[in-house]
2 protein chains.
Amino acid sequence: MKEQAIDYYAHQAKMYVATDCIVFGFDEGDLKLLIFKRRVDPNKGAWSLIGSFVELEEDVDDAARRVLEEITGLDKVFFEQSKTYGKAERDYGYRCISVAQYALVRVDEYDKELVEKHGAFWYTVKDLPKLVLDHDDMVKDALDKLRRKARYQPIGFELLPEKFTIPQLQSLYEAIYQRELDPRNFRKKVLSLNVLKKLNEKDKTTSKRGAYLYTFDYKNYQKLLLSGFNFEI
Amino acid sequence: MKEQAIDYYAHQAKMYVATDCIVFGFDEGDLKLLIFKRRVDPNKGAWSLIGSFVELEEDVDDAARRVLEEITGLDKVFFEQSKTYGKAERDYGYRCISVAQYALVRVDEYDKELVEKHGAFWYTVKDLPKLVLDHDDMVKDALDKLRRKARYQPIGFELLPEKFTIPQLQSLYEAIYQRELDPRNFRKKVLSLNVLKKLNEKDKTTSKRGAYLYTFDYKNYQKLLLSGFNFEI
DNA sequence: TATAATAAATGTATGTTTTACGTTTATTGT
DNA sequence: ACAATAAACGTAAAACATACATTTATTATA
């Protein structure tokens, strides 16, 4: 019986399996993406997402975490699968499929030296250079997913520091959706969800009056989920 | 330079790549799933999704279409990637990742003989048997995707015959969401989208009065998309 | 020390969508 | 002719979204 099983697998094709990370960050009012200049052939010198081959004994998801940590020093990052790119001809000359995963990173936390050392840069999503292979598609698809997801799941908070103001949160959503939101309505909506904890601290970097800082209230969010209501901005 | 490229790939691991299809159908008021009893080892005799290894020169998406056609005789089926399952230990003894894709099939169109010949059956989603490997997760995840997607994209129509009544459409949505909908509000909502063409024909199988048949109006749907409005039930 | 400037915070009126439920209509089998 | 039944239509109240005006806290500077 074991013989038969081995037989069944034996004459099947094997392929390279890679994972590529679409790493989003939010800085200075803009949605950013972490990309780097390839240092090995093929396509040496071209702009690329960060990625890696998946090792034989490694979960695909872990491979993505490994690469991201190598380059930013961050572990415990929000990760989600975007899509798998499996066209036979996508990687010239080699059969390689890639599982794209997007990550949301707090720009105040990553290791700047490490990022620089690896030749990586934060680029504004609006004016990215051309990327290698099908990486442009990967970015486009991941952005779509991010936008869709951000509407009904509180993932935006993964991109902000622990403490943030409501105008900052608004600015993030404006960057994600690429359109202006009404500050009065935005505040009303977001506060009505009851998932923000108001702190007794103000951020005064953008105004004399200062804006109150908030944190995301994970406990209340769990309650919200259980009660059947859903987060929607 | 080519040398260097070859080198780069040469010492990377290769894996088996499979695709599994979560095939949804709608029949007798229930959401159904096409599963079959495995005829080869490993796991001979266990219930499984239909699937296949991806061939060396074949797009991953095409592999899914190939399997589905082999088993149902159907081509031109709605397909969408669900998720890739890439745990190192998911397939005992062999490193094999699987790209799960869900398909929506019109139950009145598939080739019954062919399905039977392959040992496949339509099971109500509500009481599926235990499936091999991580196929239970695949079904659960695909159902989530289907539910989410059906809310803002008119994919439900892929599961109904060309001509359908509004009560039938409602019954489909009730099966997808596993909850009852108000027939008056459902009708109002779905008609307000302007994507249904009313025919001069009735279906009299469920009532003496008969219900008008409709078709999906792809042209108006395109207009709806362009105008920025969106389909939401 | 009074005042100007500025972003933050609060408020309100109107229009739109959703929800919950009652009534009428077309058809057929008795 | 009439009872039975699903289909189709209608309406009132509540919830939510949108558009826009005003007040407030703070600091720099006149």
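Everything that follows concerns the structure shown earlier in this document.
Now for a description of the structure that goes with this document.

Calculation criteria
Within each chain, residues carry numbers counting from 1 in the order of the written sequence. Note on labels: chains are lettered from A, ligands numbered from 1, in written order. Reporting in this predicted model follows two pLDDT cut-offs: at least 70 for local features of residues, and 80 or more for side-chain atom pairs to be given and counted; totals over whole chains, interfaces and linings ignore these cut-offs and use all residues. Only hydrogens and water are removed before side-chain values are computed, so all heavy atoms of the structure are retained for them. The contact rule is simple, with two residues in contact once any of their heavy atoms fall within 4.5 Å. Summed over both partners, the accessible area lost on bringing two parts together, with a 1.4 Å probe, is the buried area. A pairing counts as a salt bridge when a side-chain nitrogen of Lys or Arg comes within 4 Å of a carboxyl oxygen of Asp or Glu. For this analysis, a polar contact is any N or O atom pair within 3.5 Å, provided that within protein one partner can donate a hydrogen and the other can accept it, and provided that sequence-adjacent residues contribute only side-chain to side-chain pairs. Each helix is a run of H or I in the DSSP string that is no shorter than four residues. Each strand is a run of E no shorter than two, and both are numbered from the N terminus. Gly is put with the polar residues, along with every residue not named as nonpolar or charged; the nonpolar set is Ala, Val, Leu, Ile, Met, Phe, Trp, Tyr, Cys and Pro, and the charged set is Asp, Glu, Lys and Arg. For two strands to be treated as a pair, DSSP must find at least two bridges joining them. We call a residue near a given molecule or strand whenever any one of its heavy atoms falls within 4 Å of it. By disulfide we mean two sulfur atoms from cysteines, separated by a distance within 2.5 Å. Residue burial is assigned from relative accessible area. The probe radius is 1.4 Å, only protein chains are included, and a residue is buried under 20% of its type maximum, exposed over 50%, and partly exposed in between. Least-squares superposition aligns the copies on the C-alpha atoms of those residues with pLDDT at or above 70 in both. Patch membership requires over 30% relative accessible area and the absence of a salt bridge. Like charges are linked within 9 Å, and nonpolar side chains (Val, Leu, Ile, Met, Phe, Trp, Tyr) within 5 Å. With residues, only the protein chains shown are counted as cover, and all accessible areas are computed by Shrake-Rupley using a 1.4 Å probe. The convention is simple: Lys and Arg are positive, Asp and Glu are negative, and His and the chain ends are not counted. The atom standing in for a charge is NZ when the residue is Lys, CZ when it is Arg, CG when it is Asp and CD when it is Glu.

## Overview of the interface of chain A and chain B
Every contact between the two is made by 40 residues of chain A and, on the other side, 40 residues of chain B. The junction of chain A with chain B conceals about 4,100 Å² of combined surface from both sides, 59% of it contributed by carbon and sulfur atoms. Broken down residue by residue, the surface that chain A buries against chain B is led by Tyr9, Lys14 and Asp41 of chain A, which jointly contribute 18%. At the boundary of chain A and chain B, one finds two salt bridges. Across the pair lysine 87 of chain B and aspartate 59 of chain A runs a salt bridge whose closest N-O atoms are separated by 3.3 Å. Viewed at the interface, chain B and chain A are joined by 20 residue pairs in polar contact (both at pLDDT 80 or more). Listed by contribution, the elements that provide at least two residues to the side of chain A that touches chain B are helix H1 (2-10), strand E1 (14-27), strand E4 (78-85), strand E5 (96-104) and helix H4 (135-152) of chain A. For the side of chain A that touches chain B, the element with the most residues is H1 of chain A, which contributes seven residues. Residues belonging to the side of chain A that touches chain B are distributed by class as follows: 21 nonpolar, five polar and 14 charged. Sheet topology places E1 of chain A next to strand E1 (residues 14-27) of chain B; three bridges connect them, and they run antiparallel. Residue pairing in the sheet places lysine 14 of chain A in a bridge with tyrosine 16 of chain B of E1 of chain B.

## Some thoughts on the protein's contact with DNA strand D
Close contacts around DNA strand D come from 20 residues, with Arg184 and Arg209 of chain A together with Arg184, Arg187 and Arg209 of chain B the closest. Backbone atoms, meaning sugar plus phosphate, form 53% of the atoms of DNA strand D positioned within 4 Å of the protein. Note that a base oxygen of DNA strand D is positioned 3.2 Å from one of the side-chain N or O atoms of lysine 188 of chain A. Every element with two or more residues in the surface near DNA strand D is listed here: helix H6 (183-192) of chain A together with helix H6 (183-192) and strand E9 (211-216) of chain B. Considering each element in turn, the surface near DNA strand D owes the most residues, four residues, to H6 of chain A. Tallied by class, residues from the surface near DNA strand D come to three nonpolar, four polar and 13 charged.

## Regarding the protein's contact with DNA strand C
Close contacts around DNA strand C come from 20 residues, with Arg184, Arg187 and Arg209 of chain A together with Arg184 and Arg209 of chain B the closest. Protein-proximal atoms of DNA strand C, defined as those within 4 Å of the protein, fall in sugar or phosphate at a share of 53%. A distance of 2.2 Å separates a base nitrogen of DNA strand C from a polar atom in the side chain of arginine 209 of chain A. Within the residue set of the surface near DNA strand C, elements represented by two or more residues are H6 and strand E9 (211-216) of chain A together with H6 of chain B. Ranked by residue count, the leading element in the surface near DNA strand C is H6 of chain B, at four residues. Looking at the surface near DNA strand C, its residues break down into three nonpolar, four polar and 13 charged.

## As for the sheet that holds strand E7 (residues 164-165) of chain B
Residues and elements named next belong to chain B. Strand order in the open sheet made by the three strands is E7-E9-E8, with antiparallel pairing throughout. What marks the edges here is a single partner per strand, and that holds for E7 and strand E8 (196-203). Pairing between E8 and E9: five bridges, direction antiparallel. Within E9, the position partnered with leucine 196 by the bridge is phenylalanine 216.

## Some thoughts on the state of the cysteines
Residues and elements named next belong to chain A. Summed over the entire model, instances satisfying the criterion amount to zero disulfides over all chains. Left without a disulfide partner, cysteine 96 is nearest to the cysteine sulfur of cysteine 21, which lies 14 Å away. Residue class for cysteine 96 comes out buried when judged on its relative accessible area of 3%.

## Overview of the pairing of strand E3 (residues 47-53) of chain B
Residue and element names in this part refer to chain B. Counting buried positions along E3 yields six of seven residues, so the element is predominantly enclosed. Pairing of E1 with E3, which is carried by four bridges, proceeds in the antiparallel orientation. In the strand pairing of E3, threonine 19 is matched with serine 52. In this structure, strand E2 (residues 30-37) lies alongside E3, joined through three bridges in antiparallel fashion. Looking at the pairing, phenylalanine 36 lines up with serine 48 of E3.

## Some points on the relation of the copies chain A and chain B
By a simple turn and slide, chain A fits onto chain B: the slide is 0.1 Å along the axis, the RMSD is 0.1 Å, and the turn is 180°. One copy is carried onto the other by what is essentially a two-fold rotation axis. Mapped onto chain B, 100% of the interface residues of chain A again fall at the interface, so both copies present the same surface.

## Section: the environment of arginine 187 of chain B
With respect to the helices and strands, the residue arginine 187 of chain B is situated in helix H6. Measuring from C-alpha to C-alpha, the distance between arginine 187 of chain B and proline 167 of chain B comes to 8.2 Å, with 20 residues separating the pair along the chain.

## Considerations on a negative patch on the surface
On the surface, Asp27, Glu28, Asp108 and Glu109 of chain B cluster together into a negatively charged patch. Mapped onto the fold, glutamate 109 of chain B is located in the loop between strand E5 (96-104) and helix H3 (112-117).

## Observations concerning the side chain of serine 98 of chain B
Residues and elements named next belong to chain B. Summarising the element assignment, serine 98 is placed in strand E5. Classification of serine 98 as buried rests on a relative accessible area of 0%. One polar contact links serine 98 to aspartate 20, side chain to side chain, over a distance of 2.7 Å. Every residue in contact with serine 98, bar those within four places of it in the chain, is listed here: Ala18, Thr19, Asp20, Lys83, Thr84, Tyr85, Arg90 and Met138.

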